[in-house]
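Each chain, letter by letter, is given below.
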Amino acid sequence: MKIESSNLPKAYEAGKYEDDIYQYWESSGLFNPDECIKRGVTDKDTPTFTIVLPPPNVTGKLHLGHASMLAYEDLIIRFQRLQGKQTLWVPGTDHAAIATQTVVEKELAKEGLKKEDLGREKFLERVREYVSKSKNTIRKQLRKMGASLDWSREKYTLDEDVSRTVYHVFTRMYEDGLIYRGDRIVNWCPRCHSTLADDEVEYKEQKAKLYYIKYGPVVIATTRPETKIGDTGLAVHPDDQRYQDLIGKELEINLGKVDIKVKVFADKEVDPEFGSGAIGVTPAHSQIDFAWAEKYGLEVKKIIDEDGKMTAEAGPYAGLPVEECRQKFIADLEKAGLLVKVEEIENNISVCYRCGTTIEPLTSKQWFIDVNKKIPRFGKSLKELSIEAVRQGLSGDPKQKIDIIPERFYKTYFQWMENLRDWCISRQIWWGHRIPVWYKEGGDEEVYVGVEPPKGEGWRQDEDTLDTWFSSALWTFSTLGWPEGEDFKRFHPTQVLETGYDILFFWVARMIIMTIYTTGQIPFEKVYLHGLIRDKQGRKMSKSLGNGIDPLEMIAKYGADALRLSMIIGTAPGNDIRMYEEKIAGYRNFVNKFWNIARFILLTVNKPERIASQPLPKTLADQWILANFNQLIQEVTGLLEQFSFSPAAEKLYEFTWSKLADWYLEVAKIEQGKDEILNYILERLLIMLHPFVPFVTEVIWSTSYNPEKKPELMLMVQKWPQAQGEAGGGGQFDLLQEIIVNIRSLRSTNKIPPVEVVDVKIESEKYQPLIESQKELIAKLARVGFVEELDKDSALHYPGDGYDIYLAVSGDIKARLEKERRELEKYIASLEKKLSNEEFLRKAPSEVINKEREKLKQAREKLNKIKN
């Protein structure tokens, strides 16, 4: 990567530099805040700024969602590092229990094996082998994106120290009475053979049948008739006059080949308008019905088992898969004359977020966290603490308040948290943190819960593992050596959690719950939510649509900087983003443009050098560029501090391309002697662009200002620039720009060849001294020659605000303009005649009339330009 600054290649080829640049950064050790202090690039008394990387699952390649997260987080951490803070970005990976186990089980299936053929320990060895390879792949991909992570602090959710924290927190919650084991309704996946949390359930719209069944003295409507075999209650609304005489009674109901007994009760939750207004209650297979069973003392009868088959409680249907049972049960109801009618409807079915299998709500003995129980040391429940931290801060302390960006997600968070049910944390899989509970042989009565196994013989550990979200909920403090580690004391709470809005409930809310409970601190000060990645048409990216974009392919083709910019510019927090290859290619053009700008400057100045303070301006152009540059520094700094990333990037883009390249560099070719200002601006522009496009900026910096490649002089640890003079202003040069643009517009409109130098006369009482003093600049930038006398009648005229431009034209151009004028006048006359025809106005559709009027308007405007 050795390049002399005076000999930068004409084109920037990202693939030639990016791997070397990342190795240069990483080998310096300066991703580590301790090394930054040691090298003197950060002061030990400066504030800390910490982000924990949302740990990617160890199940394979990173996708565009990860790339978006990395672009935002690296931008944030690089900006804070450049501001001189002790910045720490903690990398890590998640063991992803169900997802990882599923991948390895599929690999075994190809070999004709099941996990049971290997046994628990050998199966876990196989998973560890897979994870080891996958983690290396993920590390490479994170580096490809330019993520400035402190690899010396890398963590994994199954690391020994992280696991001890997991077991410690479980034990503490158990001792506080927050963790309990009980028979409750859970979301069960028959394929994964495990429970799922409420927010791990997805919903799929489908066409379904609504069956109306004669149910003793009433008719009920249901989409799942087979579950009626497990009914033990009949619910009605207390004000529904149709059923007043039934409330409180126990009814015997015949359902063809099955007889059931139900207790009739009244509850305001019943919708009297749905179906018949009477609902068969199945406590073992519905969350709502289970709550009613607890409230009204109903029997809980489990008729569907963990394999998705009917239990012995289903009588003649025992052993049948659910779908088969449904068909037979409906046929039997029809034979018995109990099927009243069937309607076609659309409804949502719940499916497993991992494998897509239909979820069976069923009762099961599982481990739960009680979110409503008061915690003695807080005097509040987990739910109350988590609401308080976001609403006004823990105990009203503004320093312990969590802000959510964008603000509209506050409502979403509070709605979810206020309706939160006890969290089922046990999973019936082998891969993950095994629940730290042991039972004395011979039963489940004597229980030991602890970080270490119990001493003595005759203990067996619970077979289940913890929900993956339990361990990842501890991520901000388990990665920092809680409770006594120096990193925890120094870097916690963290400053920002940046993640997709789709895991606000999966992860963000659980981190708030578990961190406050364990540490008494909030996990982070801000939550920044980015949107989902969609394709050009706004569709979700999926394998079935074939519209996915591989970020690594895009990096190989266009460079990481172009991919990063395409995911930042034009986005807003919480809004979905459309991604397509042409967009990435477009930002590659900007990266190349910036390379060429830097190359021009470095070839123009006598030598690249760092300028400590703002140079004195010598010309109007100097005043203008420095004032605009100061304004840029102020605006970009403020926007980044407010997490307004796209507007900040847009301002840098606009200044670099439109102000610096299109104007000031063109002026510099004419006025000369701009070395100090060009060096001053390039140095600081490289620093400000660095968080957005770190690779290309570091290449230019290292070849220009750090040729010896000293770590403490590398770009990523420089100081963020401060405005050093007047911001904005530069009004006189703005006027010169306006005049030049208007001359260029006259030339373009009238098809005057760019190479042709034409005579010009500019008259202005107000601005004549300014115009006189800047004639050379105007002449060269607009390709005109100033003359004292000019035939105004035959010249092209532009009436500006306080000035008039007269541009001489040749005989050929005059003839062409005259011909064009005559044709336009003829065309305008025909349109005016048409639009004055009453019959046309009466019969033609309004859109046709409006179209003709628009044509007339445009023709008149064009004629005015020619005449003037």
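Residues numbered from 1 in each chain as written. Predicted model: local features only at pLDDT ≥ 70, side-chain atom pairs only at ≥ 80, totals over all residues. Heavy atoms only, no water.

1. Side note on the overall build of the protein chain
Tallying secondary structure elements over the protein chain gives 28 helices and 29 strands in all. Considered along the principal axes of its C-alpha atoms, the protein chain spans approximately 110 × 85 × 55 Å. Out of the 868 residues in the protein chain, the part that is buried amounts to 53%. A fraction of 76% describes how many contacts in the protein chain between residues 6 or more apart in sequence connect residues 24 or more apart. Accessible surface, the protein chain as shown: approximately 38,800 Å² in total, 47% of it carbon and sulfur. Side-chain charges of the protein chain comprise 123 positive and 134 negative groups, with the mean position of each set lying 3 Å from the other. (Helix = DSSP H or I, 4+ residues; strand = E, 2+ residues; numbered from the N terminus. Buried < 20%, exposed > 50% of the residue type's maximum accessible area, 1.4 Å probe, protein only. Contact = heavy atoms within 4.5 Å. Areas by Shrake-Rupley, 256 points an atom, 1.4 Å probe, with all protein chains shown as cover. Lys, Arg positive; Asp, Glu negative; His and termini not counted. Charge placed at Lys NZ, Arg CZ, Asp CG, Glu CD.)

2. Some remarks on the nonpolar core
Formed by 136 residues in total, the largest nonpolar core has its most connected members in Leu563, Met579, Leu685 and Ile743. Residue contributions to this core peak at 12 residues, all from helix H20 (residues 645-671). With residues near it in sequence (within four places) discarded, Ile743 still touches Val760, Ile762, Ile778, Ala782, Val784, Ile805 and Leu807. By size, the runner-up hydrophobic cluster in this structure holds 63 residues, among which are Val166, Val371, Leu474 and Val508. (Core = buried A, V, L, I, M, F, W, Y, C linked by side-chain atoms within 4.5 Å.)

3. Structural notes on the sheet that holds strand E15 (residues 403-405)
One open sheet holds the three strands; their spatial order is E15-E23-E22, and the pairing between them is parallel. Edge strands, defined here as strands with exactly one partner in the open sheet, are E15 and strand E22 (494-500). Across the sheet, the mean angle from the axis of one strand to that of its neighbour is 20°, orientation sign disregarded. Against the sheet, helix H3 (residues 64-82) makes contact with E22 and strand E23 (524-530), and its axis sits at roughly 135° relative to E23, the strand it touches most. (Pairing = 2+ DSSP bridges. Axes fitted to C-alpha atoms, helices over the stretch in contact; angles between N-to-C directions.)

4. Some words on the packing of helix H17 (residues 560-568) against helix H18 (residues 581-604)
For any two helices packed against each other, the geometry is given by the interaxial angle and the distance between the axes. At a minimum axis separation of 8 Å, H17 and H18 run at an interaxial angle of 115°. At the point where H17 passes H18, the crossing takes the right-handed sense. Of the residues in H18, those touching H17 at Asp561, Ala562, Leu563, Leu565 and Ser566 are Lys583, Ile584, Tyr587, Arg588, Phe590 and Val591. Looking at the contact of H17 with H18 residue by residue, the classes come out as seven nonpolar, one polar and three charged. (Left-handed = near helix turned anticlockwise from the far one by under 90°. Nonpolar A, V, L, I, M, F, W, Y, C, P; charged D, E, K, R; others polar.)

5. A closer look at the environment of Val699
Position of Val699 among the secondary structure elements: in helix H22 (residues 694-704). Val699 sits in the buried class, given a relative accessible area of 1%. Val699 sits 678 residues away from Ile21 along the chain, and the two C-alpha atoms are 7.2 Å apart. In contact with Val699, other than residues within four places in its own chain, are Tyr12, Tyr17, Ile21 and Trp595.

6. A word on unusual backbone geometry
Most peptide bonds take the trans form, and the phi angle of most residues other than glycine is negative. Across the junction of Trp482 and Pro483, the peptide omega takes the value 5°, indicating a cis bond. With respect to the helices and strands, Pro483 occurs in the loop between helix H13 (475-478) and helix H14 (486-491). Cis geometry is found at the peptide bond from His492 to Pro493, where omega equals 0°. Structurally, Pro493 can be placed in the loop between H14 and E22.

7. Points about the pairing of E22
Here E22 lies mainly inside the structure; seven of its seven residues are buried. In this structure, E22 lies alongside E23, joined through six bridges in parallel fashion. When the sheet's bridge partners are listed, Leu497 is paired in E23 with Val527. Regarding topology, helix H15 (residues 504-519) serves as the crossover connection from E22 to the parallel E23, and that connection is right-handed. (Right-handed = clockwise from strand over helix to strand, strands pointing away.)

8. What to know about helix H19 (residues 620-641)
Helix length check: H19 (22 residues) gives 32 Å between terminal C-alpha atoms against 32 Å at 1.5 Å per residue, within 8%. Counted residue by residue, H19 has 17 buried out of 22 residues, so it is predominantly covered. Remark: Phe643 follows H19 within two positions and exhibits a positive phi of approximately 65°. (Expected span 1.5 Å × (residues − 1).)

9. A short note on the sheet that holds strand E5 (residues 179-189)
Read across the open sheet, the four strands follow the order E6-E5-E14-E16; overall the sheet is antiparallel. In this open sheet, the two strands that pair with only one neighbour each are strand E6 (194-196) and strand E16 (423-424). Pairing analysis gives three bridges linking E5 to E6, with the strands arranged antiparallel. Paired with Trp188 across the bridge in E6 is Thr195.

10. With respect to the packing of aromatic side chains
What the rule picks out here adds up to 38 aromatic pairs. Ring plane angle 35° and centroid distance 5.9 Å describe the contact between Tyr17 and Trp595, whose orientation is recorded as tilted. With Tyr17 in helix H1 (residues 14-28) and Trp595 in helix H18, this residue pair connects regions lying 578 residues apart in the sequence. For Tyr17, a relative accessible area of 6% corresponds to the buried category. With a centroid separation of 6.0 Å and an interplanar angle of 75°, the aromatic rings of Tyr22 and Trp25 are classed as edge-to-face. Of this pair, Tyr22 and Trp25 both sit in helix H1, three residues apart, roughly one helical turn. One exposure class covers both Tyr22 and Trp25, and it is buried. An aromatic cluster of at least three residues, connected via ring pairs, comprises Phe170, Tyr174, Trp367, Trp423 and Phe470. (Phe/Tyr/Trp six-rings, centres within 6.5 Å; stacked < 30°, edge-to-face > 60°.)

11. Topic: the environment of Phe840
Relative to the helices and strands, Phe840 resides in helix H27 (residues 838-843). In this structure Phe840 touches Lys834, Leu835, Val848, Ile849 and Glu852, once residues within four positions along its chain are discounted.

12. What about the environment of Glu35?
Structurally, Glu35 can be placed in helix H2 (residues 33-38). Spatially, the C-alpha atoms of Glu35 and Leu626 are 35 Å apart, while their sequence positions differ by 591 residues.

13. Describing the pattern of salt bridges
The tally for this structure, following the rule as stated, stands at 61 salt bridges. Ionic pairing is found between Lys843 and Glu839, a salt bridge with its closest N-O pair at 2.9 Å. Of this pair, Lys843 and Glu839 both sit in helix H27, four residues apart, which is roughly one turn of that helix. You can call Glu839 partly exposed: its relative accessible area is 41%. A network of salt bridges, in which partner residues are shared, links Asp34, Asp150, Arg153, Asp487 and Arg490. (Salt bridge = Lys/Arg side-chain N within 4 Å of Asp/Glu carboxyl O.)

14. Brief notes about the packing of helix H10 (residues 382-391) against helix H11 (residues 409-418)
H11 packs onto H10 with a crossing angle of 170° between their chain directions and a minimal axis gap of 10 Å. By the criterion of interaxial angle, the relationship of H10 to H11 is roughly antiparallel. Like other packed secondary-structure pairs, H10 and H11 cross with a definite hand, here left-handed. For the pair H10 and H11, contact is made by Lys383, Ser386, Ile387, Val390 and Arg391 and by Tyr410, Tyr413, Phe414, Met417 and Glu418, respectively. Of the residues contributing to the contact of H10 with H11, the split by class is six nonpolar, one polar and three charged. (Parallel < 35°, antiparallel > 145°, perpendicular 65-115°, else oblique.)

15. Focus on helix H25 (residues 775-782)
Among the residues making up H25, those that are buried are Leu777, Ile778, Ala779, Leu781 and Ala782. Phi turns positive, to about 55°, at Arg783, one or two residues after H25.

16. Details of the side chain of Arg564
Among the structural elements, Arg564 can be located in helix H17. A relative accessible area of 1% places Arg564 in the buried class. Within the local environment of Arg564, its side chain forms a polar contact with the backbone oxygen of Phe692, the two atoms lying 3.4 Å apart. (Polar contact = N/O pair within 3.5 Å; in protein donor to acceptor, adjacent residues only side chain to side chain.)

17. Regarding the pairing of strand E11 (residues 258-266)
Bridging between strand E9 (residues 233-236) and E11 involves four bridges; their strand directions are parallel. Residue pairing in the sheet places Leu234 in a bridge with Val264 of E11. By the bridge criterion, six bridges tie strand E10 (residues 250-255) to E11 in an arrangement that is antiparallel. Pairing of Leu251 across the sheet is with Val262, part of E11.

18. Considering the side chain of Thr468
By the element assignment, Thr468 lies in helix H12 (residues 468-472). Contacts of Thr468, omitting those with residues within four sequence positions, involve Asp94, His95, Ala96, Ala97 and Ile98.

In short, the description is geometric, and any link to function would need to be established separately.
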